[in-house]
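Analysis of the macromolecular model
Residue-level listing of the chains:
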Amino acid sequence: MLLLTLIALLQGPGLSRDSLTHRLLIAEDTRAATATDLQLLIDAARGADSANRRRALRALGRLERPALLPHFARALASPLPGIRETAARGIAQAHHRGPEGADAAARVLLAHAAREQDVGALDAAIRALGRLRLAPGPEFTSRDSLIVSHLQGGEDVLRAAAARAAWDRLRQPGTRDAPPPPPTLTPALQGVLRSSSSREARRDALQALAALGAAGVQDLSRAAGDSDPEIRRLALRLTRALPSLGEAHRALLRQGLPDENLTVRYEALSGYGRHLQATEGCAPIRLALTDPVGHLQLLALDLLKEFCPTDTRVGETLATIAAEPLTPTAWHRPVHALRSLAVVDSGAARRVLPRFVQSNIWWVRIHAAHAATTLGAVEALRRLANDSEDNVREAAIRGLATLQGHAADEFVVEQLRRRDRQLLLTAAGLLRGSPRGRELLDPLFDALSRSSADRAETSRDPRLGLVARIEEFGSPADSTRLSPWLSDFDPMVAGEAARILTEWTNRPSHAAPRLLPEPPIPSPDALRAMRHATLEMEDGGVIELALDPDGAPTNVARFVTMARRGVLAGRTFHRVVPNFVLQGGSPGANEYAGEPDFTRDEVGGHHARGTVGISTRGRDTGDGQIFLNLVDNARLDFDYTVIGRVTSGWEVMDRILEGAVIRRVTVTR
């Protein structure tokens, strides 16, 4: 009653409402670690202020605790449709991790869907049902019936919800053991693909048909001619994924090659390389070398390493492009040509390799390491293993280990002296099974001590890798050396130390982590000033972003803080995967270098093309790196946080290549 009274007092106008909002954000950020925090969320989910009620329900869902179902069920009876929508989504997220309690959740949602009159709330309930991992039984059958009924008729928004629910239901783990879908599902999905005015409905209907194994050539042909480029791209991706193609499928790939949209052209060229290049030759691939979009040119260069019947000048073409100038903004074509030349004409590639190994552009030297691995050029790799840039070293030791196995361990062990987290993680992994055994313990412990001294949560992965090697090569005699990590600041590292010491000594050891202080949560007033950001690239391109501090407050605040501190200036997009994502913002330009503190996941947004997500390596491990979705990536929904979306500068986003430099990021209200 005390909490309810306090909440009632806090839900008045002005600052008191903000005060409750701030407390709710803190409770969510700590994952309701105490009974008091959990009760605060539960009580706020029943409160009078609708905005905070929705925040509390969303936070309860993000806890992913199935036992909280009764609190969502109560909210489904709210007279406010927005509360009912949030409750339905919360049920799905609460059961996101597995089948526990899913059947009970389905019963609640099915009963709710049967009486729901609001389209938006019903949309949320249908989508939530699709995400539940149900056991065979009446709930499973009833869900299928509900999905089919909404696919077959009604408003397009509900057909879109049903199509997404069908796709989610079909792609869940364990689906193969589930009862077969009703025979009416395939024609219902085909009807949506054929007639829906919703591009989302058509897209997800096509994906559901593919998951069923029922996307026939007529379905793919219809989608390949769709007015929406994302659906055309998806049709070609599904065609490319087929193990073999008939003539009608092959025609779809040819049809996509001149498409006006670059993502469609990219998918068509990828499919051509996989299925048609070996029999129909490389003329379309050569043509792509002059495409105005760099990604298409680089894909063409990568494909030229494959067989091209009747084309005897591929090696000459690659050698010519490999000889192009290596400049800070135009090194991509030569390095991709080199890597293909290493396959097509190893002699020619060996002759030009030193130029790349000696380049003053470290991105070039990384690709030189990959080419050297293909060529078996051990001396070049040894030189690169001592490079001034840790990312080059990492590529080089991977190559040496590929070619020489543990004979290259002296170069791998040397990397343990470095501080880069990705390099340390790679080195620790490559030393697995090393015949050097116990002589590696000193450099391993030294590396663990240095990387622990930073007291950075984002050092978790390399430190766990080092601990794994210490376990492999150590013995009970090393217990004293390992015992300080029982009180490590990271519970996972402390837990591993406790497990290893228990096994080594046959006596229980207990982790007692000394947790780092939680970073402060921004106030609601501060969040209101975090709505817009401008990302300026070194080449002059500008991307405008609309941020979502309501849906992802702590992650937006991290991004804004980094921008205002100026730390993003000079950082790069180090990971560029065409028709997937651009990832960047790392201080080390790699996957494992990030800001010191983790941020919590704030899932719930949809990863549509142009949305901005937060990179993680497991739950609640945001390290400040962002990614931009180049296409619709619905498979990332509910696992990765969305902090905003692109509002202008799409053409800049689409043309960013590996290593592109961020000039600055500015934030405005």
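Before reading on, note that the structure itself is shown above.
Residues numbered from 1 in each chain as written. Predicted model: local features only at pLDDT ≥ 70, side-chain atom pairs only at ≥ 80, totals over all residues. Heavy atoms only, no water.

Our next topic: the packing of helix 13 (residues 217-224) against helix 14 (residues 229-240). Contact geometry of helix 13 with helix 14 gives a least axis separation of 7 Å together with a crossing angle of 145°. Taken as a pair, helix 13 and helix 14 cross one another with a handedness that is left-handed. In this structure, helix 13 contributes Leu220, Ala223 and Ala224 to the contact, and helix 14 contributes Ile231, Arg232, Ala235, Leu238 and Thr239. Residues that form the contact of helix 13 with helix 14 fall into these classes: 6 nonpolar, 1 polar and 1 charged. (Axes fitted to C-alpha atoms, helices over the stretch in contact; angles between N-to-C directions. Helix = DSSP H or I, 4+ residues; strand = E, 2+ residues; numbered from the N terminus. Left-handed = near helix turned anticlockwise from the far one by under 90°. Contact = heavy atoms within 4.5 Å. Nonpolar A, V, L, I, M, F, W, Y, C, P; charged D, E, K, R; others polar.)

So, on to empty space enclosed by the protein. Gaps left between atoms are located by rolling a probe of water-molecule size over the structure's atoms. The full count for this structure, using the stated rule, is 5 cavities of 30 Å³ or more. One number sums up the size of the largest cavity: a volume of about 60 Å³. What lines the largest cavity is Leu262, Thr263, Tyr266, His295, Pro578, Asn579, Leu630 and Asp654. Counting residues per element, the lining of the largest cavity draws most heavily on helix 16 (residues 262-275), which supplies 3 residues. As a volume, the second largest cavity reaches approximately 50 Å³. Split by residue class, the lining of the second largest cavity holds 3 nonpolar, no polar and 4 charged. (1 Å grid on protein atoms, 1.4 Å probe; cavity = no way out; pocket = protein on both sides within 12 Å on 5 of 7 lines; lining within 4 Å. Points joined across faces, edges and corners; volume = space filled by probe spheres on them.)

Let us now look at the environment of Thr668. Note on placement: Thr668 falls in strand 8 (residues 660-668). Residue classification places Thr668 among the partly exposed residues on the basis of a relative accessible area of 42%. Discounting chain neighbours no more than four positions away, the residues touching Thr668 are Ala529, Arg531 and His532. (Buried < 20%, exposed > 50% of the residue type's maximum accessible area, 1.4 Å probe, protein only.)

With that out of the way, let us pick up the packing of aromatic side chains. On inspection of all chains with the given rule, the structure shows 4 aromatic pairs. Centre to centre, the rings of Phe445 and Trp485 are 6.3 Å apart; their planes meet at 45°, and the pair counts as tilted. Here Trp485 lies in the loop between helix 30 (479-482) and helix 31 (491-505) and Phe445 lies in helix 28 (residues 441-453), a separation of 40 residues in the sequence. Take Trp485: its relative accessible area is 10%, and that puts it in the buried class. Summarising the aromatic geometry, the rings of Phe627 and Tyr640 are spaced 6.1 Å apart at their centres and angled 85° between planes, so their arrangement reads as edge-to-face. Residue Phe627 is located in strand 6 (residues 626-629), and its partner Tyr640 is located in the loop between strand 6 and strand 7 (642-648); the two are separated by 13 residues in the primary sequence. An aromatic cluster is built from Trp331, Trp362 and Trp363, whose rings are joined through pairwise contacts. Note that Arg355 overlies the ring of Phe356, its terminal NZ or CZ placed 5.2 Å from the centroid. (Phe/Tyr/Trp six-rings, centres within 6.5 Å; stacked < 30°, edge-to-face > 60°. Lys NZ or Arg CZ within 6 Å of the ring centre and 35° of its normal.)

This part takes up the side chain of His95. As for its position among the elements, His95 is in the loop between helix 6 (81-94) and helix 7 (102-115). By relative accessible area, which is 2% here, His95 ends up buried. Not counting residues up to four positions away in its chain, the partners in contact with His95 are Pro66, Leu69, Glu100, Gly101, Ala102, Ala105 and Leu132.

This paragraph deals with the pattern of salt bridges. Applying the stated criterion across every chain yields a total of 62 salt bridges. One salt bridge connects Arg31 with Asp620, and the closest N-O pair in it is separated by 2.8 Å. One end of the pair, Arg31, is in the loop between helix 2 (15-29) and helix 3 (35-44); the other, Asp620, is in the loop between strand 5 (611-614) and strand 6, and 589 residues separate them in sequence. A relative accessible area of 16% means that Arg31 is categorised as buried. Asp620 gets classed as buried once you look at its relative accessible area, which sits at 19%. (Salt bridge = Lys/Arg side-chain N within 4 Å of Asp/Glu carboxyl O.)

For strand 2 (residues 542-547), the buried fraction is high: 5 of the 6 residues fall into the buried class. Two elements, strand 1 (residues 532-537) and strand 2, share 5 bridges in a ladder whose sense is antiparallel. Each bridged residue has a counterpart across the sheet, and for His532 the counterpart in strand 2 is Ala546. The turn linking strand 1 back onto strand 2 is made up of 4 residues, and Gly540 within it adopts a positive phi angle of 100°. Pairing analysis gives 4 bridges linking strand 2 to strand 7, with the strands arranged antiparallel. Considered in strand 7, the bridge of Leu545 is made with Val646. (Pairing = 2+ DSSP bridges.)

We now examine helix 11 (residues 185-195). In an α-helix, one full turn covers 3.6 residues, which means residues spaced three or four apart are oriented alike. Along helix 11, the residues classified as buried are Leu185, Ala188, Leu189, Gly191, Val192 and Leu193. Those residues of helix 11 hidden inside the fold are in contact with helix 9 (138-152), helix 10 (156-170), helix 12 (199-212) and helix 13.

A few words now on the layout of surface pockets. By volume, the largest pocket amounts to about 820 Å³. Mapped onto the lining of the largest pocket, the elements with two or more residues apiece are helix 4 (50-62), helix 6, helix 8 (119-131), strand 2 and strand 7. Ranked by the residues each element gives to the lining of the largest pocket, the list is headed by helix 4, at 6 residues. In the lining of the largest pocket, the residues fall into 10 nonpolar, 10 polar and 12 charged.

In this section: the sheet that holds strand 1. By way of backbone hydrogen bonds, the strands of a sheet pair with one another, either parallel or antiparallel. A barrel is described by the order of its strands in space; here 8 strands give the closed sequence 1-2-7-5-6-4-3-8, paired in antiparallel fashion. Mean inter-strand twist for the sheet, computed between neighbouring axes without regard to direction, equals 35°. Here strand 5 runs beside strand 6; their pairing, made up of 3 bridges, is antiparallel. Following the sheet pairing, Gly613 is matched in strand 6 by Phe627. The strands that helix 33 (residues 553-565) touches are strand 1, strand 2, strand 4 (581-586), strand 5, strand 6, strand 7 and strand 8; relative to strand 8, the one it contacts most, it runs at about 110°.

In a disulfide, the sulfur atoms of two cysteines are held together by a covalent bond. For the structure shown, the criterion picks out 1 disulfide. Disulfide partner of Cys282: Cys308, at an S-S distance of 1.6 Å. Taking the torsion about the S-S bond as the criterion, the Cys282 to Cys308 disulfide, at about -70°, is left-handed. With a gap of 26 residues between them, Cys282 in the loop between helix 17 (277-280) and helix 18 (283-288) and Cys308 in the loop between helix 19 (294-303) and helix 20 (314-322) connect regions that are remote in the sequence. (Disulfide = S-S within 2.5 Å.)

For His574, the position within the fold is in strand 3 (residues 572-577). Engagement of the side chain of His574 in a polar contact is seen with the side chain of Glu591, the distance being 3.1 Å. Other than its neighbours up to four places away in sequence, His574 contacts Trp363, Gln583, Gly584, Ser586, Ala589, Asn590, Glu591, Gln625 and Glu658. (Polar contact = N/O pair within 3.5 Å; in protein donor to acceptor, adjacent residues only side chain to side chain.)

What follows concerns the nonpolar core. Where a protein is soluble and globular, its nonpolar side chains tend to be buried together. Grouped together as the largest cluster of nonpolar side chains are 165 residues, with contacts concentrated most on Leu60, Leu151, Leu206, Leu353 and Leu416. Top contributing element to this core by residue count: helix 10, with 9 residues. If you look at the next biggest cluster of nonpolar residues, it comprises 36 residues, including Leu527, Leu545, Leu630 and Ala660. (Core = buried A, V, L, I, M, F, W, Y, C linked by side-chain atoms within 4.5 Å.)

Moving on, we come to the environment of Ala349. Relative to the helices and strands, Ala349 resides in helix 22 (residues 346-357). The residues contacting Ala349, other than those within four sequence positions of it, are Leu338, Leu341, Ala342 and Leu375.

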